[in-house]
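Inside the fold
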Amino acid sequence: MSEVLFDVNLQQMPEEYLTGDWCVADRVLNRNSPDTSLARATKFLLRPGTVQVQAPELQDSGHWSMERDSLLNRPYLELQLLQEGTRALITRLRRSTDGQHSQLNLYFQSGMEIQLARPC
């Protein structure tokens, strides 16, 4: 990616920064089953309130929201898919000044880490 990306203050990040088509750039499974839609995902399509997870020979869809913990105001991505429900801490979001290029790091309850990028 040749665009210069800047860290976004996660305590002040609006939910709109998460919407769009994201490609999985990197993944560390840890304890996660390698057969779930999230573990095999190649794309996340986040629309206002709805999510579609695309993986080879597998698709899952459902709802998402951004929640914040009450103590530190850290943002979490709540996913309620047909096949599973989970929560991921948003550990880093980087964006270009025009918002066209982004990187999003998620740390899931299972220990899985995913780095998403856009555009695909």
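I will try to describe carefully the structure that is included in this document. Just so you know, these numbers come straight off a predicted model, no measurement behind them. (Residues numbered from 1 in each chain as written. Predicted model: local features only at pLDDT ≥ 70, side-chain atom pairs only at ≥ 80, totals over all residues. Heavy atoms only, no water.)

Across all of its chains, the model carries 1 disulfide by this definition. Bridging C23 to C120, the disulfide has an S-S length of 2.0 Å. Where C23 bonds to C120 through sulfur, the torsion about that S-S bond is close to 125°, and the disulfide is right-handed. Within this pair, whereas C23 is found in strand β2 (residues 20–28), its partner C120 is found in the segment after β9 (113–118), the two being separated by 97 residues in sequence. Accessibility expressed as a relative area gives 54% for C120, which makes it exposed. (Disulfide = S-S within 2.5 Å. Helix = DSSP H or I, 4+ residues; strand = E, 2+ residues; numbered from the N terminus. Buried < 20%, exposed > 50% of the residue type's maximum accessible area, 1.4 Å probe, protein only.)

Here R118 and P119 are connected by a cis peptide whose omega angle stands at 0°. Counting through the fold element by element, P119 comes out in the segment after β9. The backbone of E57 sits at a positive phi, close to 60°, despite the residue not being glycine. Of note in the backbone geometry, N73 takes a positive phi value of approximately 65° without being a glycine. Here N73 lies in the loop between β5 (58–68) and β6 (75–81).

What follows is about the nonpolar core. Grouped together as the largest cluster of nonpolar side chains are 27 residues, with contacts concentrated most on L18 and F44. With residues up to four places along the chain from it excluded, the contact list for F44 reads G20, D21, W22, V24, L38, Q52, V53, L79, I114 and L116. (Core = buried A, V, L, I, M, F, W, Y, C linked by side-chain atoms within 4.5 Å. Contact = heavy atoms within 4.5 Å.)

The full count for this structure, using the stated rule, is 0 aromatic pairs. We note R87 situated over the ring of Y76; from NZ or CZ to the ring centre the distance is 3.9 Å. For R95, the ring lying beneath its charged end belongs to Y17, and the centroid distance is 3.7 Å. (Phe/Tyr/Trp six-rings, centres within 6.5 Å; stacked < 30°, edge-to-face > 60°. Lys NZ or Arg CZ within 6 Å of the ring centre and 35° of its normal.)

Here strand β4 (residues 50–55) shows one buried face, formed by V51, V53 and A55, and one open face, formed by T50, Q52 and Q54. Strand direction decides the pairing type here: strand β3 (residues 43–47) and β4, joined by 5 bridges, are antiparallel. Residue pairing in the sheet places R47 in a bridge with T50 of β4. The hairpin turn running from β3 into β4, its antiparallel successor, is 2 residues long, and G49 in that turn takes a positive phi close to 85°. The sheet contact formed by β4 and β5 spans 6 bridges and is antiparallel. Across the sheet, residue A55 finds its bridge partner in β5, namely L58. (Pairing = 2+ DSSP bridges.)

This next bit is on the pattern of salt bridges. Throughout the structure, instances matching the rule amount to 5 salt bridges. The partner of R87 in a salt bridge is E78, and the shortest N-O contact between them spans 3.1 Å. Linked through salt bridges whose partners overlap, the residues forming this network are D7, R92 and R94. (Salt bridge = Lys/Arg side-chain N within 4 Å of Asp/Glu carboxyl O.)

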